[in-house]
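# Geometric and topological summary
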Amino acid sequence: MNDPGSTVPAATRRLDPDTAGLAQAAALLRAGELVAFPTETVYGLGADATDAAAVARIFAAKERPRFNPLIAHLADIDAALAEGRFDGSAQRLAAAFWPGPLTLVVPAGPGTRVCDLARAGLSSVALRVPGHPTAHALLKAVGRPVAAPSANRSGRVSPTRADHVLDDLAGRIAALLDGGDTQVGVESTVVACLDGIPRLLRPGGITRAALRAVLGFEPVGPVMDDAERPAGPGMLASHYAPRARVRLDVTRVEPGEALLLFGAGRPEGHAEARVSLNLSPAGDPAEAASRLFGALRTLDTSGAATIAVVPIPPDGLGEAIRDRLARAAAPR
């Protein structure tokens, strides 16, 4: 087993999501190794959430700040309920959206197996039951909570296909379960149910309107007592960042910029862009979300110093897209 702080390259096995591949991946996770696997949102970098040494390897591989808590993934709702204390709102959200792209941050249960390091020393725990069949089969085979942030270097663009994972983490992890392209394309929605008031910490694959329909009211925004110690996953200001600078809501493109389009409109100067990609020519937020991270990675390889992004409406999944783009554009 590699030392958690080691940067010595090792072979990363690429496994098919069949019976043999799943068995190998589960055995590696139970042995404390790192395995990337697909979910319906993005690829996750998995480690046994009950093993602090294994979780430390996630931080080493991702070069991730250790104050940022990790999401623990479970095979089913009953397994998740055993790890945390769910109030009425959390129970309703879990029943409505699990399995699926929702993470709930709840008080850690007295018998939680998710280690302190995965929880970043917090009294809460972030839990998710993913809906991807490969993820479900893997989690069932492991039989333990699996901590799994996005399978990329910390702060970089999240991976929506197996090759994206290897671009960032080849030689740093034991194996990769190749499940093809992910469907949703942005990370899970994160809702905290800690003080009787559901708080939307991160927009994602479940829209605000869908949350409101289940809860009967609008979830409020996050409260952060310490900006340097996030209350939940995915709350760092600078995140999902390509190497190029990101410029948002552009109405004019500067010569040589890479251009990220949405819908049929074109900003002034678009013909002078080095390269351009359209997240959704039809203006469909779901299509745009599924293509967002792949498009950012492609534009980042163009050599352009700046990626210019046209305005994207905040409706539905547009809120999650704008959130990720704002983090990609944050100072770093």
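Parameters and conventions
- All residue numbers refer to position in the chain's written sequence, counted from 1.
- Per-residue local features of the predicted model are confined to residues with pLDDT of at least 70, and side-chain atom pairs are confined, for both listing and counting, to 80 or more; whole-chain, interface and lining totals are unaffected and use all residues.
- Hydrogens are left out, water is left out, and the side-chain values use all remaining heavy atoms of the structure.
- Strands are runs of DSSP state E lasting at least two residues, helices are runs of H or I lasting at least four, and both sets are numbered from the N terminus onward.
- Exposure categories follow from relative accessible area, calculated using a 1.4 Å probe and restricted to protein chains: below 20% of the type maximum is buried, above 50% is exposed, and the middle band is partly exposed.
- Contacts were defined at the residue level, with two residues in contact if any of their heavy atoms lie within 4.5 Å.
- In these notes, a set of buried Ala, Val, Leu, Ile, Met, Phe, Trp, Tyr and Cys residues joined through side-chain atoms within 4.5 Å is what counts as a nonpolar core.
- Helix axes use the C-alpha atoms of the stretch in contact, all axes being lines fitted to C-alpha atoms, and the angles between their N-to-C directions lie in the range 0 to 180 degrees.
- Here is the rule for angles: anything less than 35 degrees is roughly parallel, anything more than 145 is roughly antiparallel, 65 through 115 is roughly perpendicular, and the remaining ranges are oblique.
- Crossing handedness follows the turn of the near helix against the far one: under a right angle anticlockwise gives a left-handed crossing, and clockwise gives a right-handed one.
- Amino acid classes used here: Ala, Val, Leu, Ile, Met, Phe, Trp, Tyr, Cys and Pro are nonpolar; Asp, Glu, Lys and Arg are charged; the rest, including Gly, are polar.

## Regarding the environment of Leu299
Counting through the fold element by element, Leu299 comes out in helix 8 (residues 285-300). Assessed through its relative accessible area of 1%, Leu299 is described here as buried. Leu299 has contacts with Ala258, Leu259, Leu260, Val275, Ser276, Leu277 and Ile307, leaving out every residue within four places of it along the chain.

## Thoughts on the nonpolar core
For soluble globular proteins, the rule of thumb is that nonpolar side chains tend to be buried together. Among the nonpolar cores identified, the biggest contains 44 residues, and Leu93, Trp98, Leu102 and Leu104 are the most heavily contacted of them. Considering every element that reaches this core, the biggest residue donor is helix 2 (residues 52-62), with 5 residues. Grouped together as the second largest cluster of nonpolar side chains are 33 residues, Val184, Val246, Leu260 and Leu296 included.

## Some details on the environment of Arg113
If you trace the backbone, Arg113 turns up in the loop between strand 5 (102-107) and strand 6 (124-128). Classification of Arg113 as partly exposed rests on a relative accessible area of 38%. Measuring from C-alpha to C-alpha, the distance between Arg113 and Ala60 comes to 22 Å, with 53 residues separating the pair along the chain. Every residue in contact with Arg113, bar those within four places of it in the chain, is listed here: Ala49, Thr50, Glu83, Gly143, Arg144 and Pro145.

## Here's the deal with the packing of helix 4 (residues 88-97) against helix 7 (residues 208-215)
Packed helix pairs are characterised by how far apart their axes lie and by the angle those axes make with each other. Between helix 4 and helix 7, the shortest axis-to-axis distance is 10 Å and the interhelical angle comes to 120 degrees. Taken together, the axes of helix 4 and helix 7 lie oblique to each other. Considering only the axes of helix 4 and helix 7, their crossing is right-handed. Residues Ser89, Arg92, Leu93, Ala96 and Phe97 of helix 4 form the contact with helix 7, whose participating residues are Ala210, Leu211, Val214 and Leu215. Here the residues of the contact of helix 4 with helix 7 are counted per class, giving 7 nonpolar, 1 polar and 1 charged.

## Thoughts on unusual backbone geometry
Residue Pro99 is bonded to the preceding Trp98 through a cis peptide linkage, with omega at -5 degrees. The residue Pro99 is located in the loop between helix 4 and strand 5 in this model. Of note, the phi angle at Ala120 is positive, near 55 degrees, even though the residue is not glycine. Positionally, Ala120 belongs in the loop between strand 5 and strand 6. Assessed through its relative accessible area of 11%, Ala120 is described here as buried. Of note, the phi angle at Asp249 is positive, near 55 degrees, even though the residue is not glycine. Locating Asp249 in the fold gives a position in the loop between strand 11 (245-247) and strand 12 (258-261).

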